[in-house]
Amino acid sequence: MSENENATPEADETPPAVEATAATCCGASTPDESDCSGKPRRNFVVEALAATIGAVVGIVPAVIGGLFFLDPLVRKGDQKDEPIVGGNEPGGVVKDALGFIRLTLGIDALPEDGTPVRYTVRDDIVNVWNKFPNQPIGSVWLRRIQDQVLAFNTVCPHLGCAVDHRPSEGDFYCPCHTSAFDMDGKPLNVIPPRAMDTLEAEVREGRIWLKYQEFRGATSEKVPV
Ligand code: FES
């Protein structure tokens, strides 16, 4: 028996699958998209289905994107006759054209002896896409001085911690770096760079209106941010 006769049959008799396919198709190799006659395998129905799916896949996101893009304009148009609302009253905050927010407090709710009351101010947060009503935007100390209201932002002008009231000391005090202020907001030590930040407040028909603002910290000047 020769060496060729001992060779394994698999090595000589198993041609590549591609070659077998080509050999059985009209005796010539053909591309996958064509049959033996040379015509494309995809018929009209398949192509129409593919075109439809492609259109849906392309158009639907475009329509959704267009609606999303125009949403602020649509909502703005819807709201043009609405009052400026949002905030800290059951029916929504009332805010005037100058930015004064009507608080839920009347001046009668403040102690006549000038003891400060901490109050959380709320307002609508609105950006180009969304509106978040009744969001807390900051807090203030309110003191009654006869028939007027003295308002301070609770943010410490040193580095931004919250200023507390110390009834036992009769002052305002920031625990972060021990800034202290008298009841009129003036510094009692050298740590704060300026007095507590006063805010514009008015009493209208017994109700307190407040223009809430924040100011840059660590500066001697009172600079709105
Ligand atoms: S942040 Fe208030 S003392 Fe420093």
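About the cut-offs
- Residues numbered from 1 in each chain as written.
- Predicted model: local features only at pLDDT ≥ 70, side-chain atom pairs only at ≥ 80, totals over all residues.
- Helix = DSSP H or I, 4+ residues; strand = E, 2+ residues; numbered from the N terminus.
- Contact = placed C-beta atoms within 7 Å.
- Pairing = 2+ DSSP bridges.
- Axes fitted to C-alpha atoms, helices over the stretch in contact; angles between N-to-C directions.
- Core = buried A, V, L, I, M, F, W, Y, C linked by C-beta atoms within 7 Å.
- Buried ≥ 20, exposed ≤ 12 C-beta atoms within 10 Å, placed from the backbone.
- pLDDT = per-residue confidence, 0-100.

**What about the overall build of the chain?**
Item 1. The secondary structure content of the chain amounts to four helices and nine strands.
Item 2. In the chain, the succession of α and β elements from N to C terminus is α-α-α-α-β-β-β-β-β-β-β-β-β.
Item 3. Partitioning the contacts of the chain with sequence separation of at least 6, the portion at a separation of at least 24 is 46%.

**Thoughts on the sheet that holds strand 4 (residues 148-153)**
Where strands meet in a sheet, backbone hydrogen bonds hold them as pairs that are either parallel or antiparallel.
Item 1. Strand order in the open sheet formed by six strands is 1-9-8-4-3-2, with antiparallel pairing between adjacent strands. Edge positions in the sheet fall to strand 1 (101-106) and strand 2 (117-126), since each has one partner strand and no second. This sheet shows a mean twist of 35° between the axes of neighbouring strands, independent of strand direction.
Item 2. With six bridges joining them, strand 3 (residues 131-145) and strand 4 adopt antiparallel strand pairing. In the strand pairing of strand 4, Trp141 is matched with Phe152.

**Some points on the pairing of strand 4**
Item 1. Linking two consecutive strands that pair antiparallel, namely strand 3 and strand 4, is a turn of two residues; a positive phi of about 60° is found at Gln146 within it.
Item 2. Here two bridges tie strand 4 to strand 8 (residues 198-204), and the two strands are oriented antiparallel to one another. Directly across from Ala151, in strand 8, lies its bridge partner Leu199.

**A look at the sheet that holds strand 6 (residues 171-174)**
Item 1. Ordered by their spatial adjacency, three strands build an open sheet running 5-6-7, and the pairing between neighbours is antiparallel. Sheet topology places strand 5 (164-166) and strand 7 (179-181) at the edges, where each strand pairs with a single neighbour. Across this sheet, the average inter-strand angle for adjacent strands is 30°, counted without regard to direction.

**A closer look at the nonpolar core**
Item 1. Membership of the largest hydrophobic core comes to 25 residues, with the highest contact counts inside it found for Val140, Leu142, Ala151 and Leu210.
Item 2. For this core, the secondary structure elements donating two or more residues are strand 1, strand 2, strand 3, strand 4, strand 6, strand 8 and strand 9 (207-211).
Item 3. Sequence-distant contacts of Ala151, that is, excluding residues within four places in its chain, are made with Val140, Leu142, Thr198, Leu199, Ala201 and Leu210.

**What to know about the confidence of the model for the chain**
Item 1. Mean pLDDT over the chain: 79, with 68% of residues reaching 70 or higher.
Item 2. Contacts from residues 72-87, a stretch scored under 50 in pLDDT, to residues over four places away or in other chains number 20 contacts.

**Overview of the environment of Val223**
Item 1. Relative to the helices and strands, Val223 is located in the segment after strand 9.
Item 2. A tally of 9 C-beta atoms within 10 Å means that Val223 is categorised as exposed.
Item 3. C-alpha of Val223 to C-alpha of Asp197: the two residues are 26 residues apart in sequence and 9.8 Å apart in space.
Item 4. If we ignore the near neighbours within four places in the chain, the residues touching Val223 are Phe215 and Arg216.

**Observations concerning the environment of Pro136**
Item 1. By the secondary structure assignment, Pro136 is in strand 3.
Item 2. Residue classification places Pro136 among the exposed residues on the basis of 12 C-beta atoms within 10 Å.
Item 3. Between the alpha carbons of Pro136 and Thr120 there is a distance of 6.5 Å; along the sequence they are 16 residues apart.
Item 4. For Pro136, the contacting residues outside a window of four places in its chain are Thr120 and Arg122.

**Things to note about unusual backbone geometry**
Item 1. A positive phi angle, close to 50°, is found at Glu205, a residue other than glycine.
Item 2. Topologically, Glu205 is positioned in the loop between strand 8 and strand 9.

**Things to note about the environment of Tyr119**
Item 1. Here Tyr119 is to be found in strand 2.
Item 2. A residue is classified by how many C-beta atoms lie within 10 Å of it, and Tyr119, with 21 of them, is buried.
Item 3. Tyr119 sits 14 residues away from Leu105 along the chain, and the two C-alpha atoms are 9.0 Å apart.
Item 4. Apart from residues no more than four positions distant in its own chain, Tyr119 is found in contact with Leu103, Leu105, Ser139, Val140 and Leu142.

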